[in-house]
Amino acid sequence: MQAKVKPKKMKTSTGDKVFTGVNTLILLLLCAVTLYPIWYVLCASLTSNSYLVSHPGLMLWPHEVTTGAYKLAFSHPLLASGYKNILIVLAVSLPLNILLTLFAGYFMASKKVMFKPVLQGLIMFTMFFSGGMIPAYLNIRSLGLYNSLWALILPGALSVYNSIICKTAIEAVPDSLKESAYIDGANDVIILFRIVVPLIKATLAVLLLYYGVGHWNAWFNASIYLKDNEKLPIQNIMRAILIANSNVLNSAAAENDQVNQFAEAIKYATIILTTVPVLCIYPFVQKYFVKGVMIGAVKG
């Protein structure tokens, strides 16, 4: 029997140790700078209003712990409708976004398409130029989408930037797979959904995250195209609560005197209620994120 030879450990030089230590320290500081704002908002949402007013500045843990701000936020008449509206928008928009992005990416990745340079140039043109806010508003009104959730879904149904990422991922699929499918009698729809889609799942997961976060954080279009408060998504409700002279906040204060007791804490509680759902999604797509972005970035 041959004796097992133990592998020799590489000696780490003093310079490598210093470099590793400095990198570790910098990364820890970056983590602290990134995580502290979230931690501060969480602590402030559980802290009494009197302490927040009298002790502005650094906060490492909740003081005079109370959940009154959360109870008041949940009792807000528009909070439930805001969550419902944004969930409706996500449920309808995300499948439409991914479907249109797939079609656009597959078209731009196809090599033999009539008038492809002209059509691709028109698609790219929309990425840099738009008609402006007033023409877009008049267009929404003329289409009968004003004061409807469709005004938040259809205008942004396709992102050219995301289509380019999808195009680059599709171009990474070997042409031999598509050619063999053509020989077997498959058409482009079958090739797209049975061959291409399973091979670019990581990219689609990243695009789904991009579209989802974009819809969740969007508030400007809703403030323009929706006039009924019951149709506003959650970000507009949060914005209304954060602005002291908002009509929503003023009407709530008139109906409930407890608003004055949690005037500061309710702002932070609302931020937590609107941010945590998105933070909970990230761990599930973390493994796809780096891979999906790199697939869409290797080839130009």
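Here is a short report on the structure shown in this document. (Residues numbered from 1 in each chain as written. Predicted model: local features only at pLDDT ≥ 70, side-chain atom pairs only at ≥ 80, totals over all residues. Heavy atoms only, no water.)

**Considerations on a nonpolar patch on the surface**
On the surface, Leu99, Leu100, Phe103, Leu158, Val189 and Phe193 cluster together to form a nonpolar patch covering roughly 470 Å² of accessible area. Sort the elements by how many residues they give to the nonpolar patch and helix 4 (residues 79–109) lands first, with 3 residues. Structurally, the position occupied by Phe103 is in helix 4. (Patch = residues over 30% accessible without salt bridge, like charges linked within 9 Å, V, L, I, M, F, W, Y side chains within 5 Å. Areas by Shrake-Rupley, 256 points an atom, 1.4 Å probe, with all protein chains shown as cover. Salt bridge = Lys/Arg side-chain N within 4 Å of Asp/Glu carboxyl O. Helix = DSSP H or I, 4+ residues; strand = E, 2+ residues; numbered from the N terminus.)

**What about the side chain of Lys178?**
Structurally, Lys178 can be placed in helix 9 (residues 175–183). There is no salt bridge for the buried Lys178, and the closest opposite charge comes from Asp175, which lies 4.4 Å off by N-O distance. For Lys178, the residues in contact, after removing those within four places along its chain, are Ile170, Val173, Ile191 and Val196. (Buried < 20%, exposed > 50% of the residue type's maximum accessible area, 1.4 Å probe, protein only. Lys, Arg positive; Asp, Glu negative; His and termini not counted. Contact = heavy atoms within 4.5 Å.)

**Points about the layout of surface pockets**
If you add up the space inside the largest pocket, you get close to 510 Å³. In terms of lining, the largest pocket is formed by 22 residues, of which the most central are Pro155, Gly156, Leu158, His215 and Asn221. Listing elements by their share of the lining of the largest pocket, those giving two or more residues are helix 4, helix 5 (116–128), helix 7 (150–153), helix 8 (160–171), helix 11 (201–217) and helix 12 (220–225). For the lining of the largest pocket, the element with the highest residue contribution is helix 11, accounting for 4 residues. Among the residues forming the lining of the largest pocket, the class breakdown is 15 nonpolar, 7 polar and no charged. (1 Å grid on protein atoms, 1.4 Å probe; cavity = no way out; pocket = protein on both sides within 12 Å on 5 of 7 lines; lining within 4 Å. Points joined across faces, edges and corners; volume = space filled by probe spheres on them. Nonpolar A, V, L, I, M, F, W, Y, C, P; charged D, E, K, R; others polar.)

**Structural notes on the nonpolar core**
Formed by 57 residues in total, the largest nonpolar core has its most connected members in Leu102, Ile170, Val196, Ile200, Leu204, Trp216 and Ile234. No other element matches the 10 residues that helix 4 contributes to this core. Sequence-distant contacts of Leu102, defined by excluding residues within four places in its chain, comprise Cys166, Ile170, Leu192, Phe193, Val197, Ile200 and Leu204. In this structure, Ile140, Leu145, Ala151 and Tyr225 belong to the second largest nonpolar core, which totals 5 residues. (Core = buried A, V, L, I, M, F, W, Y, C linked by side-chain atoms within 4.5 Å.)

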